[in-house]
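Each chain is listed here by its residues.
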Amino acid sequence: MSLKNKIILLITASIILSAGLVAAFGNSVIKNSLIQSHYISETQVLSDVSNNIISVIDKISSFSPSDSVYETKKMITDLFLRYHFLEKFSCVVVGKKAGKKTRISATRLRSGISFGVHKSKDARRTQDSRMEILFEKNGRPFFVHRHDNIKFHLDILKLWEDAKTPSPNKSIFIADKKGQLIAHEDASRVLANSDFSTLDIVNDFKRNEKQTKPLISRDERGERVVGIYIPIFAEAAVFSMTPYESVIAPSTMLLKKISFYVSALVVCLVFVAVLFANKITVPLKNLAEAAKKVASGNLEFETPDTVSGDEVGILSENFKFMTDSLKKLQQLRDDLIHMIVHDLKSPLSAIISSIEFMQSRGENLNEKQKNLIGLSYTASKNLLKLIDDLLDVAKLEEGKLKLNKESVDLKNFLETCAKTFVPQAENERKRISLNCPDGITLKADTSLIRRVVMNLLSNAFKHTKAEIGTIGITAEGTPVGCKIKVSDNGRGIPEEYREKIFEKFVQIEGKRSQIRSGVGLGLTFSKMVVEAHGGKISVESRQGEGSSFIFTLPD
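Presented here is a report on the structure given in the accompanying data block. Here the structure is a predicted model, which is why all the values come from computation and not from measurement.

### A look at a nonpolar patch on the surface
In step 1: The grouping of Met 322, Leu 326, Leu 329 and Leu 332 at the surface amounts to a nonpolar patch, some 370 Å² of accessible area in total.
In step 2: Mapped onto the secondary structure, Met 322 falls in helix 8 (residues 311–360).

Take a look at the structure:
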């Protein structure tokens, strides 16, 4: 990330962080206030529902029968007419004569009210009041209330229709501590014996019986809700579940407004920061681009002048002095290479020819002389190869090396390269293998690619140990050409050198110097040849496990 972007990022991050913290804190406070306000208002709504139900039960419980059976039956009829959810009612009438006790029972039928009258010997008055929940076989729930020799059944679904309040965008229902649904806006769910025992709000009622704060949990569909409940009696409560997003919707709208104003402020400040950052970073950016060109080996550019009189100006002057020195060194090196190539190749070729002549007429030489001449011949050939590499690298750099492409069978081509190293593998007791499918065509300058493969194989043999060394060549076709890999189980290459080994004249110092040999042109030449074909070369390596050089060539 550039310095300019860092300055801009620092300013904007500071603004956004500060605004974000304020917005987050404010949003949290607003959300908690909205939830608490909802809790207060919804508690009042549920209290009204609960009070409506309890009020009806208390009114019916306060029924006082006459000492006349006939009058009591008329009073009971009035109860049934007034409360359409009253399904059964019974009470004891104590007559004036000798305290005669008669139990009167009434049941609501479709055709009217059916009464039953019979003597009651054990109609003892009691102040106990009990409320039970009874489910019929069809799943219909009833409140069964006993108090002072009065017993009655209330149809909860009918009672719920009268007691509940309109509840848009939320769910209000009655359930007992077992989680059995007793009343709901969807009566079919009650008749189906729906089980709400897994709801957190129901379990909270089971544990605490009285709620002290709103409960944020999940409903039966897994949606986030704010749950509130008010007990009706010990075993049942009326519950409310409102979608959480609906409760905090006002805070969401407020947060959107805050975000809009913060964004506008950030845009203004970023604009100011850009102007400020440009003034500081433009000279540094110019120097950075120049340094990047120097790092890539390109010295053909004008060093930017920075007249500022500060540290950046001093840096610019020192950088210009450095690039001028590098240009002189590069020119000196290029002159040396051209001198070696043009002035040493011809005499070296003559020396090699003379040595070859001596070897062909060496009948009168002793064994020691033959060895010395052989060593001289090998050293001269290596030196000639170095000169050829220098010449080829120079041509590749100048774009003067022409590619003579031809199409050959890749497997046969690699077999020819591998066979060259079979004697060396047998002598050093190393193993070389080739894995290449049939039918893959290589379209390239085969003489140059052969040198690439030979360079990689030569390096692999140099850096594997005798008897345990394994060198492998694998190849495969790709949608756009082919991929060739030369791998070994040698020392491996340190990570910090995996890119540098392809640079010209670069070698690894000290104990790691055995990773490459010569003067550091083999891999440079290989990289330039592969790239001249439009391909890419790379290395994968782990120290102590070996290396794999992989290059791809397009069709």
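### Quick notes on helix 3 (residues 156–163)
In step 1: Among the residues of helix 3, those classed as buried are Ile 156, Leu 157, Leu 159, Trp 160 and Ala 163. Each buried residue of helix 3 lies within a common arc of 160 degrees when the element is viewed along its axis, so the set occupies one face.
In step 2: At the N-terminal boundary of helix 3, the capping side chain belongs to Asp 155, with an oxygen 3.1 Å from the backbone nitrogen of Leu 157.

### Brief notes about unusual backbone geometry
In step 1: Here the phi dihedral of Arg 429 falls at roughly 55 degrees; this positive angle occurs in a residue that is not glycine.
In step 2: Its place among the elements puts Arg 429 in the loop between helix 11 (422–427) and strand 13 (431–435).
In step 3: According to the relative accessible area criterion, Arg 429 is exposed, its value standing at 53%.
In step 4: Within the chain, Glu 467 stands out as a residue other than glycine whose phi angle is a positive 75 degrees.
In step 5: Relative to the helices and strands, Glu 467 resides in the loop between helix 12 (446–462) and strand 15 (470–478).

### Concerning the sheet that holds strand 7 (residues 171–176)
In step 1: Spatially, the 5 strands line up as an open sheet ordered 8-7-11-10-9, and their pairing is antiparallel. Edge strands, defined here as strands with exactly one partner in the open sheet, are strand 8 (181–184) and strand 9 (215–218). The mean inter-strand angle of the sheet, taken between neighbouring strand axes irrespective of direction, is 35 degrees.
In step 2: Two strands pair when backbone bridges link them, and strand 7 and strand 11 (residues 236–243) are joined in this way by 6 bridges, in the antiparallel orientation. Paired with Asp 176 across the strands is Ala 236, a residue of strand 11.
In step 3: Along the sheet, helix 3 makes contact with strand 7, strand 8 and strand 11, crossing strand 8 at roughly 40 degrees.
In step 4: Together, strand 7, strand 9, strand 10 (224–233) and strand 11 form the strand contacts of helix 5 (residues 200–208), whose direction differs from that of strand 10 by roughly 40 degrees.

### Some remarks on the pattern of salt bridges
Any two side chains of opposite charge can pair, given that their charged atoms come close.
In step 1: In this structure the tally under the stated criterion is 15 salt bridges.
In step 2: Linking Asp 438 and Lys 411 is a salt bridge whose minimum nitrogen-to-oxygen distance equals 3.1 Å. One end of the pair, Asp 438, is in the loop between strand 13 and strand 14 (441–444); the other, Lys 411, is in helix 10 (residues 410–420), and 27 residues separate them in sequence.
In step 3: In this structure Asp 438 comes out as exposed when scored by relative accessible area, which is 61%.
In step 4: By relative accessible area, which is 24% here, Lys 411 ends up partly exposed.

### Describing the side chain of Ser 194
In step 1: Position of Ser 194 among the secondary structure elements: in the loop between helix 4 (187–191) and helix 5.
In step 2: We classify Ser 194 as buried; its relative accessible area is 15%.
In step 3: A polar atom in the side chain of Ser 194 sits 2.6 Å from the backbone oxygen of Arg 189.
In step 4: Excluding anything up to four places from it in sequence, Ser 194 contacts Gly 179, Gln 180, Leu 181 and Arg 189.

### Side note on the nonpolar core
In step 1: Membership of the largest hydrophobic core comes to 43 residues, with the highest contact counts inside it found for Leu 410, Leu 414, Ile 449 and Phe 551.
In step 2: Residue contributions to this core peak at 8 residues, all from helix 12.
In step 3: Among residues more than four places away in sequence, those in contact with Ile 449 are Phe 413, Leu 442, Ala 444, Val 529, His 533, Phe 551 and Leu 553.
In step 4: In terms of nonpolar packing, the next biggest core, distinct from the first, is built from 38 residues, Ile 57, Leu 79, Cys 91 and Ile 172 among them.

### Considering the environment of Lys 402
In step 1: Along the chain, the position of Lys 402 falls in the loop between helix 9 (367–398) and strand 12 (406–409).
In step 2: Note on Lys 402: relative accessible area 69%, which makes it exposed.
In step 3: As a C-alpha pair, Lys 402 and Ala 532 span 130 residues in sequence and 9.4 Å in three-dimensional space.

### Here we look at the packing of aromatic side chains
In step 1: Under the criterion given, the structure shown has 11 aromatic pairs.
In step 2: Residues Phe 173 and Phe 239 carry aromatic rings whose centres are separated by 5.2 Å and whose planes lie at 15 degrees to one another, so their mutual orientation is stacked. Pair noted here: Phe 173 is in strand 7 and Phe 239 is in strand 11, with a separation of 66 residues, a long-range link. In terms of burial, Phe 173 and Phe 239 fall into one category: buried.
In step 3: Look at Phe 502 and Phe 549: their rings are 6.2 Å apart centre to centre, the planes differ by 80 degrees, and that puts the pair in the edge-to-face class. Of this pair, Phe 502 sits in the loop between strand 16 (481–488) and helix 13 (522–532) while Phe 549 is found in strand 18 (residues 546–554), placing the two residues 47 residues apart along the sequence.
In step 4: Under the relative-accessibility criterion, Phe 549 is labelled buried at 8%.
In step 5: Aromatic ring contacts, followed pair by pair, group Phe 173, Phe 196, Phe 205, Tyr 229 and Phe 239 into a single cluster.
In step 6: Lying over the aromatic face of Tyr 244, Arg 224 brings its terminal NZ or CZ to 4.1 Å of the ring centre.

Cut-offs applied
Residues numbered from 1 in each chain as written. Predicted model: local features only at pLDDT ≥ 70, side-chain atom pairs only at ≥ 80, totals over all residues. Heavy atoms only, no water. Patch = residues over 30% accessible without salt bridge, like charges linked within 9 Å, V, L, I, M, F, W, Y side chains within 5 Å. Areas by Shrake-Rupley, 256 points an atom, 1.4 Å probe, with all protein chains shown as cover. Salt bridge = Lys/Arg side-chain N within 4 Å of Asp/Glu carboxyl O. Helix = DSSP H or I, 4+ residues; strand = E, 2+ residues; numbered from the N terminus. Buried < 20%, exposed > 50% of the residue type's maximum accessible area, 1.4 Å probe, protein only. Arc of directions from axis to C-beta. Polar contact = N/O pair within 3.5 Å; in protein donor to acceptor, adjacent residues only side chain to side chain. Pairing = 2+ DSSP bridges. Axes fitted to C-alpha atoms, helices over the stretch in contact; angles between N-to-C directions. Contact = heavy atoms within 4.5 Å. Core = buried A, V, L, I, M, F, W, Y, C linked by side-chain atoms within 4.5 Å. Phe/Tyr/Trp six-rings, centres within 6.5 Å; stacked < 30°, edge-to-face > 60°. Lys NZ or Arg CZ within 6 Å of the ring centre and 35° of its normal.

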